[in-house]
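Reading the structure
Below, each chain spelled out in residue letters.
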Amino acid sequence: GKNALVNDAGIGQVLLMSKEALTRRVLANSDIDVYPCGRLDIQSGQVDRRVLATLEFLVASGLKPTVTSLRCGHSYYTSSGNVSEHTTGTAMDIGAINGIVITPATQGPGSITDLTIQRLLKLQGTMKPHQIISLMTFEDTDNTFAMGDHADHIHVGFQPLFGPNEKLGKQALAVLEPGQWSDLISRLGEIDNPVVPTAASKYSLPATKDRRASSAHAGE
């Protein structure tokens, strides 16, 4: 759970773990639910360490993600014809948080989707996601995009990097010092989970396939 993670190594240390260590940790974490084929992706080393570290970050901040897509089962190309970031193992789709399924009704201000993305936006430096796609966009961000076909999941993607992923640990030192991460997680832990509305938020965008807020998501 959250406190065990912080007391164990501190979220800063968790984010700096090797890909192998993160692989073992994610697969053993009962707060992370990954579909069977996706677990095989993780076990076989096909998932980027930043994706694995982000899952641990979410758990450490009090959220239990359900991963519905990694590499296995995802199409090679996006609907726009670009090679999907899922193909390179640098993206994941989250279909539920804390058992709350992502739907148009669970998106919008104050929703579980809102809370999750707000926490993802805390990730900086080499841990900053390239794309966070849902039905929502956030002011003063360059990595949140709204797409109508993301009504049932949150896409979190990173730009593919050259070279073995396990060598990226030292680069992640530029993110935040371990003490700063611990302070951040402590503050996040004090945030009450929102009451999820039963009706669609008036701020939600129509869930239509052709709704695209920006061309910047072309790598999704």
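Residues numbered from 1 in each chain as written. Predicted model: local features only at pLDDT ≥ 70, side-chain atom pairs only at ≥ 80, totals over all residues. Heavy atoms only, no water.

1. With respect to the overall build of the protein chain
For the protein chain, the helix and strand inventory stands at seven helices and seven strands. If you list the helices and strands of the protein chain from N to C, you get α-α-α-β-α-α-β-β-β-α-β-β-β-α. At a minimum sequence separation of 6, the contacts of the protein chain that also span at least 24 residues come to 71%. In the form shown here, the protein chain has an accessible surface area of approximately 10000 Å², with 52% of it arising from carbon and sulfur atoms. (Helix = DSSP H or I, 4+ residues; strand = E, 2+ residues; numbered from the N terminus. Contact = heavy atoms within 4.5 Å. Areas by Shrake-Rupley, 256 points an atom, 1.4 Å probe, with all protein chains shown as cover.)

2. Remarks on the nonpolar core
If you look at the biggest cluster of nonpolar residues, it comprises 40 residues, and the most contacted ones within it are Val34, Ile42, Leu70, Met92, Ile94, Ile154 and Val156. Breaking this core down by element, the ones donating at least two residues are helix H2 (11-15), helix H3 (19-28), helix H5 (49-60), strand E3 (91-97), helix H6 (112-120) and strand E7 (154-157). The biggest single contributor to this core is H5, with eight residues. (Core = buried A, V, L, I, M, F, W, Y, C linked by side-chain atoms within 4.5 Å. Buried < 20%, exposed > 50% of the residue type's maximum accessible area, 1.4 Å probe, protein only.)

3. Regarding the side chain of threonine 144
With respect to the secondary-structure elements, threonine 144 resides in strand E6 (residues 144-146). Here the side chain of threonine 144 touches phenylalanine 138 through a polar contact of 3.0 Å, landing on its backbone nitrogen. At 2.6 Å, the side chain of threonine 144 and the side chain of threonine 141 are in polar contact. Among residues more than four places away in sequence, those in contact with threonine 144 are Ile117, Leu121, Ile132, Met136, Thr137 and Phe138. (Polar contact = N/O pair within 3.5 Å; in protein donor to acceptor, adjacent residues only side chain to side chain.)

4. A closer look at the state of the cysteines
For the structure shown, the criterion picks out one disulfide. With a sulfur-sulfur separation of 1.6 Å, cysteine 37 is cross-linked through a disulfide to cysteine 72. Between cysteine 37 and cysteine 72, the S-S torsion sits near 60 degrees, and that sign places the bridge as right-handed. Of the two residues, cysteine 37 sits in helix H4 (residues 36-43) while cysteine 72 sits in the loop between strand E2 (65-69) and E3, which places them 35 residues apart along the sequence. Its relative accessible area of 24% is what places cysteine 72 among the partly exposed residues. (Disulfide = S-S within 2.5 Å.)

5. As for the side chain of serine 134
Tracing the sequence through the fold places serine 134 in strand E5 (residues 131-134). What serine 134 contacts, discounting residues up to four positions off in sequence, is Gln107, Thr113, Ile117, Phe145, Ala146, Met147, His150 and His153.

6. Let's talk about the pattern of salt bridges
In this structure the tally under the stated criterion is four salt bridges. Taking the shortest distance from any N to any O, the salt bridge between arginine 25 and glutamate 56 comes out at 3.4 Å. Of this pair, arginine 25 sits in helix H3 while glutamate 56 sits in helix H5, and the two are 31 residues apart along the sequence. Since its relative accessible area comes to 18%, arginine 25 is described here as buried. For the salt bridge of aspartate 142 with lysine 128, the shortest nitrogen-to-oxygen distance reads 2.9 Å. In this pair, aspartate 142 sits in the loop between E5 and E6 while lysine 128 sits in the loop between H6 and E5, placing the two residues 14 residues apart along the sequence. Residue classification places aspartate 142 among the exposed residues on the basis of a relative accessible area of 56%. (Salt bridge = Lys/Arg side-chain N within 4 Å of Asp/Glu carboxyl O.)

7. Side note on the packing of H5 against H6
Following both chains from N to C, one finds H5 and H6 inclined at 120 degrees, their axes separated by 11 Å at the closest point. Classified by the angle between their axes, H5 and H6 sit oblique to one another. At the point where H5 passes H6, the crossing takes the right-handed sense. Across from Thr54, Phe57 and Leu58 in H5, the residues of H6 making contact are Thr116, Arg119 and Leu120. Taken together, the residues of the contact of H5 with H6 break down into three nonpolar, two polar and one charged. (Axes fitted to C-alpha atoms, helices over the stretch in contact; angles between N-to-C directions. Parallel < 35°, antiparallel > 145°, perpendicular 65-115°, else oblique. Left-handed = near helix turned anticlockwise from the far one by under 90°. Nonpolar A, V, L, I, M, F, W, Y, C, P; charged D, E, K, R; others polar.)

8. A short note on H3
Counting buried residues along H3, seven of its 10 residues qualify, which places the element largely inside the surrounding structure. Listed in full, the buried residues belonging to H3 are Lys19, Ala21, Leu22, Thr23, Arg25, Val26 and Leu27.

9. Some points on the environment of threonine 54
In this structure, threonine 54 sits in helix H5. On a C-alpha basis, the gap between threonine 54 and methionine 127 in space is 7.8 Å, while along the polypeptide they are 73 residues apart. Setting aside anything within four residues of it in sequence, one finds threonine 54 in contact with Met92, Leu120, Leu123, Met127 and Phe158.

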